[in-house]
Number of protein chains: 2
Amino acid sequence: MSIKDVAARAGVSWKTVSNVVNERPVVRPETAERVRGAIDELGYVPNHVGRDLRGGSTRTIALVLPELANPYFAILAERIQKAAGERGYTVSVELSLGDREVERDHLVGRTARPVDAVILSPMALEPSDLVGLSAATPLVLLGEAVPAGENVFHVAIDNAGSAVDVVRHLVDGGRSRPLFLGAEEGQRSTGAERLAGFRAACRYAGIELDPSLIRRADVWDRATGRAVVAEAIDGGLAFDAIVAANDLLGIGALAALREHGRAVPDEVAVVGWDDLPESAYAVPSLSSIAPDLEALVSAALDAAMGVMPTAGDRVGVAAHEIVVPHRLQVRGSSVSAGSARR
Amino acid sequence: MSIKDVAARAGVSWKTVSNVVNERPVVRPETAERVRGAIDELGYVPNHVGRDLRGGSTRTIALVLPELANPYFAILAERIQKAAGERGYTVSVELSLGDREVERDHLVGRTARPVDAVILSPMALEPSDLVGLSAATPLVLLGEAVPAGENVFHVAIDNAGSAVDVVRHLVDGGRSRPLFLGAEEGQRSTGAERLAGFRAACRYAGIELDPSLIRRADVWDRATGRAVVAEAIDGGLAFDAIVAANDLLGIGALAALREHGRAVPDEVAVVGWDDLPESAYAVPSLSSIAPDLEALVSAALDAAMGVMPTAGDRVGVAAHEIVVPHRLQVRGSSVSAGSARR
DNA sequence: CTGAAAGCGCTTACAG
DNA sequence: CTGAAAGCGCTTACAG
């Protein structure tokens, strides 16, 4: 079942079928109609492999994510795939599983099948992998800031700024000893930026940060959040709030606090990032920084498809930095039921 | 950068490069070594599009799922992708978003790019879509049973049997008015099979089932679970247990019970299916039927790759039915803290 | 507006 | 063991 069968059926050359399929306005309407009829009758679907091999646009975008077990990535994948589909694009979801080599291969387009663009959420990349990077095909980095070059974009919320919002909310609620859960080394990783905003806001608020209040988390999942907080409590550390670098860590923190008899939010407030659906069902429900996913998805796709994003973009020296809005979704984990506070 | 560049570099014909890449044992070891050297130096990655077009194996499997927002599917996708990668296969994750047409296209291979096999978790398929189905390429149906034909496989847990396990557990705990949440019409859908097992076990236990205890859920998510249970409570319905057709519904049920002041598990026990990671963090933690995901993944891949699954398979009249083990993970939502009952 | 030719990168027979 | 040819389905120039 190929373009030739359709051509034979419609009584035209296969080139004409190609023109109809690609909606090129060079075919006489009645001919086009006849061709479309033949396509329907035969149930013909154009074989993209032919196009792909020929070169030119594949209408496919690779989406490279560390994992899908974190619902944030799963939901992101679903929304990007849906939005891309509406624009006539196919998304190929690739899992890096935190393998630097895999991420690097996608970064430089060393892959077995061609794509028009790559949207990559880095996890294991080293800064050196990004130095002097300039892509033949659009490359959109999510989450990690990058001193990027030609054709390289960066789409994310203002991580440091959102951390400031979290600290302000906690300070407004009377908290004075916040623990940061999910600290990361490095300059530009998500964890490092959230921590930097946290530190700055604490300093502004006159909070002195005991180094033991800054805790790393090897993996940003529920079990690690629970273990790190349990360890902090068992170690006798005093704190009245937890700023968790993502909601999964925050949900783990809630479990540890519950198991150790610490009342949330009365004794300890908890706030996370991502605003996962399950966070609204946590007990107590988890306050969280909610990225504007719709804006994030459309900015990433605009950049990937070569449409310069207009609203809210900030073009840096060499890189295209797109900052997506966020808001703090306040829930029961950071505000007492009786309180009427924002 | 193509096979020809590598051939030139290594001083052999490109056919020889192809033989090395495909590990055909017809190349002299020293020649192969030289070719591999050239491949590394040039950073050559074989272009799969050439292979795909040529016909023969693509080493790619399409995984068609309704969505990724349900963590069960997200985790399944991740595990299938990981396991397939270890076997040298690529997985292409496609979202049907509950669109019958999309599911049907994949069912009959009417897609833009060829794959070696399709693993499909149906959501919107009608029974008539499956009648007389026989696939040119292996087709693995997950979740829905199917009266299938040549090259069509079915991999799932024993849905009815697992529902019996749930009811037995509840009856052992002294429950006598269980509500079923997530009832479905039809003969062979997941919801229908779980409901059938539920009904049978209740009858065996001498429990009379008021029809109002059988509740539908249009979508199997948290919000719907919450809404349906809230409605049941508001309607004055009496029940002492909820059998939720999946964990998301169960988590929604827990929220509704909490909001209505019903103690879990003392007044109402709750059990779900899927054993999501978040279920262990629910409050109280949610009891659930845990499918053996490792067995499910490897059975699905075996079938997709044309390896006849051996362990635990049951070959039906025309169809290949593979039944995967499950177990009931008992947690706080169905057993009082003090109780030592299984 | 339509037709005939060339070529994308690869693999599969077929010769040597 | 290695080489030269054909062809997978499509699109891109190039003629008519």
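Reading guide: rules and limits
- Residues numbered from 1 in each chain as written.
- Chains lettered and ligands numbered in written order.
- Predicted model: local features only at pLDDT ≥ 70, side-chain atom pairs only at ≥ 80, totals over all residues.
- Heavy atoms only, no water.
- Core = buried A, V, L, I, M, F, W, Y, C linked by side-chain atoms within 4.5 Å.
- Buried < 20%, exposed > 50% of the residue type's maximum accessible area, 1.4 Å probe, protein only.
- Contact = heavy atoms within 4.5 Å.
- UniProt positions renumbered as here; feature names shortened; annotations may be inferred.
- Helix = DSSP H or I, 4+ residues; strand = E, 2+ residues; numbered from the N terminus.
- Pairing = 2+ DSSP bridges.
- Right-handed = clockwise from strand over helix to strand, strands pointing away.
- 1 Å grid on protein atoms, 1.4 Å probe; cavity = no way out; pocket = protein on both sides within 12 Å on 5 of 7 lines; lining within 4 Å.
- Points joined across faces, edges and corners; volume = space filled by probe spheres on them.
- Nonpolar A, V, L, I, M, F, W, Y, C, P; charged D, E, K, R; others polar.
- Buried area = accessible area lost by both parts, 1.4 Å probe.
- Salt bridge = Lys/Arg side-chain N within 4 Å of Asp/Glu carboxyl O.
- Polar contact = N/O pair within 3.5 Å; in protein donor to acceptor, adjacent residues only side chain to side chain.

Under an unreviewed UniProt entry, the name given to chain A is LacI family transcriptional regulator, and the source organism is Brachybacterium huguangmaarense.

Tell me about the nonpolar core, and please be specific about residues and values.
One finds F239(A), I242(A), F239(B) and I242(B) to be the most contacted residues of the largest nonpolar core, which totals 166 residues. Those residues in contact with I242(B) that sit more than four places away from it in its chain are L179(B), L181(B), V229(B), A253(B), L257(B), V268(B), A269(B), V270(B) and V271(B).

I'd like a description of the UniProt feature "domain: HTH lacI-type" (unreviewed entry) in chain A, backed by residues and values.
In the numbering used here, UniProt assigns the feature "domain: HTH lacI-type" (unreviewed entry) to residues 1–55 of chain A. For residues 1–55 of chain A, helix accounts for 67% and strand for 0%, while the C-alpha atoms at its two ends are 22 Å apart.

Pulling in residues and values, what's your account of the pairing of strand β8 (residues 241–244) of chain B?
All names here are of chain B. Taking every second residue as pointing to the same face, both faces of β8 are buried, with A241 and V243 on one and I242 and A244 on the other. Relative to β8, strand β6 (residues 178–183) runs parallel, the two being bridged by four bridges. Counterpart to L179 in the pairing with β8 is I242. Strand direction decides the pairing type here: β8 and strand β9 (residues 269–273), joined by three bridges, are parallel. The residue bridging I242 from the neighbouring strand is V270, located in β9. In this fold, the crossover linking β8 to β9 by way of helix α11 (residues 247–259) has right-handed handedness.

I'd like a description of empty space enclosed by the protein, backed by residues and values.
Evaluation of the coordinates by the stated rule reveals five cavities of 30 Å³ or more. The computed volume of the largest cavity comes to approximately 140 Å³. Together, 13 residues line the largest cavity, and Y281(A), A282(A), E278(B), Y281(B) and A282(B) are the ones closest to its centre. In terms of residues, the lining of the largest cavity owes the most to one element, helix α11 (residues 247–259) of chain A, which gives four residues. The computed volume of the second largest cavity comes to approximately 40 Å³. Split into classes, the residues belonging to the lining of the second largest cavity amount to six nonpolar, no polar and two charged.

Summarise the interface of chain A and chain B; cite the residues concerned and give the values.
Contact residues are listed per partner, giving 40 residues for chain A and 40 residues for chain B. Across the chain A/chain B interface, buried area totals approximately 3500 Å², and carbon plus sulfur atoms make up 63% of it. When residues of chain A are sorted by the area they lose upon contact with chain B, V49(A), R113(A) and Y281(A) head the list and together hold 21% of the total. At the surface where chain A touches chain B, the tally comes to two salt bridges. When the shortest N-O distance is used, the salt bridge between D52(A) and R113(B) registers 2.9 Å. Taken together, chain A and chain B are joined by 18 residue pairs in polar contact (both at pLDDT 80 or more).

Go over the pattern of salt bridges, please, and point to the residues and values.
All names here are of chain B. For the structure shown, the criterion picks out 37 salt bridges over all chains. For the salt bridge of E101 with R104, the shortest nitrogen-to-oxygen distance reads 2.7 Å. Of this pair, E101 and R104 both sit in helix α6 (residues 100–107), separated by three residues, roughly a single helical turn. Among the residues examined, E101 registers a relative accessible area of 38% and is labelled partly exposed. We classify R104 as partly exposed; its relative accessible area is 25%.

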